Amino acid sequence: MHFIYNGLFLIAGFIWGDWKRWREYYPTILYYFTGDLLKFALLYNYSMWTYQETIFGEGILRNHTIISLMIMVIVYPSTILIYLGRFPQTRWKKLAWVSFWAFLYTFVEFINEKYLNLINHHHGWNIGWSLLFNFVMFSLLRIHFKNPLLAWGLSIPWVIYLLNVFNVPIGRMK
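Parameters and conventions
- Residues numbered from 1 in each chain as written.
- Predicted model: local features only at pLDDT ≥ 70, side-chain atom pairs only at ≥ 80, totals over all residues.
- Heavy atoms only, no water.
- Helix = DSSP H or I, 4+ residues; strand = E, 2+ residues; numbered from the N terminus.
- Buried < 20%, exposed > 50% of the residue type's maximum accessible area, 1.4 Å probe, protein only.
- Patch = residues over 30% accessible without salt bridge, like charges linked within 9 Å, V, L, I, M, F, W, Y side chains within 5 Å.
- Areas by Shrake-Rupley, 256 points an atom, 1.4 Å probe, with all protein chains shown as cover.
- Salt bridge = Lys/Arg side-chain N within 4 Å of Asp/Glu carboxyl O.
- Bend = angle between axes of the 7 residues up to and from the residue.
- Polar contact = N/O pair within 3.5 Å; in protein donor to acceptor, adjacent residues only side chain to side chain.
- 1 Å grid on protein atoms, 1.4 Å probe; cavity = no way out; pocket = protein on both sides within 12 Å on 5 of 7 lines; lining within 4 Å.
- Points joined across faces, edges and corners; volume = space filled by probe spheres on them.
- Contact = heavy atoms within 4.5 Å.
- pLDDT = per-residue confidence, 0-100.
- Core = buried A, V, L, I, M, F, W, Y, C linked by side-chain atoms within 4.5 Å.
- Axes fitted to C-alpha atoms, helices over the stretch in contact; angles between N-to-C directions.
- Parallel < 35°, antiparallel > 145°, perpendicular 65-115°, else oblique.
- Left-handed = near helix turned anticlockwise from the far one by under 90°.
- Nonpolar A, V, L, I, M, F, W, Y, C, P; charged D, E, K, R; others polar.

What follows deals with unusual backbone geometry. Phi at His123 is positive, roughly 55 degrees, even though this residue is not glycine. Residue position: His123 is located in the loop between β2 (119-121) and α5 (127-146). Its relative accessible area of 39% is what places His123 among the partly exposed residues. A positive phi angle, near 45 degrees, is found at Asn167, a position not held by glycine. Within the secondary structure layout, Asn167 lies in the segment after α6 (148-165). Asn167 gets classed as exposed once you look at its relative accessible area, which sits at 59%.

What follows is about a nonpolar patch on the surface. A contiguous nonpolar surface patch, about 930 Å² in accessible area, is contributed by Leu10, Ile11, Phe14, Ile15, Trp16, Trp19, Trp22, Tyr26 and Leu30. Secondary structure elements with two or more residues in the nonpolar patch: α1 (2-16) and α2 (22-42). Position of Trp19 relative to the elements: it lies in the loop between α1 and α2. You can call Trp19 partly exposed: its relative accessible area is 41%.

The largest bend in helix α3 (residues 64-83) comes to about 35 degrees, at Met72. Burial within α3 is extensive, with 15 of its 20 residues counted as buried. Of the residues flanking the start of α3, the one acting as N-cap is Asn63, its side-chain oxygen 3.2 Å from the backbone nitrogen of Thr65.

This brings us to the layout of surface pockets. Of the voids in this model, the largest pocket is the one considered here, and its volume is about 1000 Å³. Around the largest pocket, the lining is made up of 42 residues, and of these Asp36, Trp49, Tyr76, Phe133 and Met137 lie nearest the centre. Secondary-structure elements contributing two or more residues to the lining of the largest pocket are α1, α2, β1 (49-51), α3, α4 (91-114), α5 and α6. Element by element, the count of residues in the lining of the largest pocket is highest for α6, at eight residues.

Along the chain, Asn112 falls in helix α4. Sequence-distant contacts of Asn112, that is, excluding residues within four places in its chain, are made with Tyr5, Asn117, Leu118 and Ile119.

Moving on, we get to the confidence of the model for the chain. When the pLDDT values of the chain are averaged, the result is 93; 97% of them are 70 or greater. Taking the mean pLDDT of every element in the chain, the minimum, 91, falls on β1 and the maximum, 98, on α5.

With that settled, the discussion passes to the nonpolar core. Of all hydrophobic cores here, the largest spans 43 residues; its most connected members are Met48, Tyr83, Trp101, Tyr105, Phe138 and Leu141. Those elements that provide at least two residues to this core are α1, α2, β1, α3, α4, α5 and α6. Ranked by residues supplied to this core, first place goes to α3 with 10 residues. Once you skip the residues sitting within four places of it in the chain, Phe138 turns out to touch Thr79, Tyr83, Val98, Trp101, Ala102 and Tyr105.

To continue, consider the packing of α5 against α6. Between two packed helices, the angle of one axis relative to the other and the distance separating the axes together describe the packing. It is the contact of α5 with α6, at a shortest axis distance of 7 Å, that shows an interaxial angle of 160 degrees. Comparing the axis directions of α5 and α6 gives the class roughly antiparallel. For the crossing formed where α5 meets α6, the hand is left-handed. Along the contact surface, α5 presents Trp129, Leu132, Phe133, Val136, Leu140, Ile143, His144 and Lys146, while α6 presents Pro148, Leu150, Ala151, Trp152, Leu154, Ser155, Trp158, Tyr161, Leu162 and Val165. Across the contact of α5 with α6, the residue classes break down as 15 nonpolar, two polar and one charged.

Put into C-alpha cells, the structure is as follows:
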C-alpha cells in the first residue's frame, strides 16, 4: 500500500508540481529531509511511530527505515513542489492552504493507522499530535522557503519542546 501512496504523490507532483522553479525549492526539500533524519537520529531507540507494510510489497518494504526512505525520496519532494509552487498570496488562502496540507497528511495517517495498519503510534504519540505537528511542519516549510534562518531558529525550540513533552530519554539516543 505504501507503493500506492507514494505513487499517487509522485503522479500528483508531476501533474501539479512547479518544476520550473525546483531549484528555488531545493533548499526547503533538504530542510525537510534534515528534519526527518534528525528524527531518525534522536528517536532511533524511542520511535513515536513506525511504518510497516501489510498489504503487498512486504518483500521490498521490509521495515520502517526502508519505507521512511521511500517517503523521503518520493513524497517530500512531490509535496514541496506542489505546496510551495501553488502557495497562495492572500492571508486567508494561505491559512486554508496550510490547513489543507496539514489535514491531508493527517487524514492519510489516520487511514493508515486505523484501517490499513500501515503505521503504529508509540510513547503517547497520537493522531492529535500528528495534526499539530503537521500544522507546525507546513508552517515551517513555508517560513524556510522565505527565511531559512528563521525556520531553523523556530525548529530548535519546537524539537526541544517535543523531546520534553514525550520524555525522550537522552540515554536511549544513539
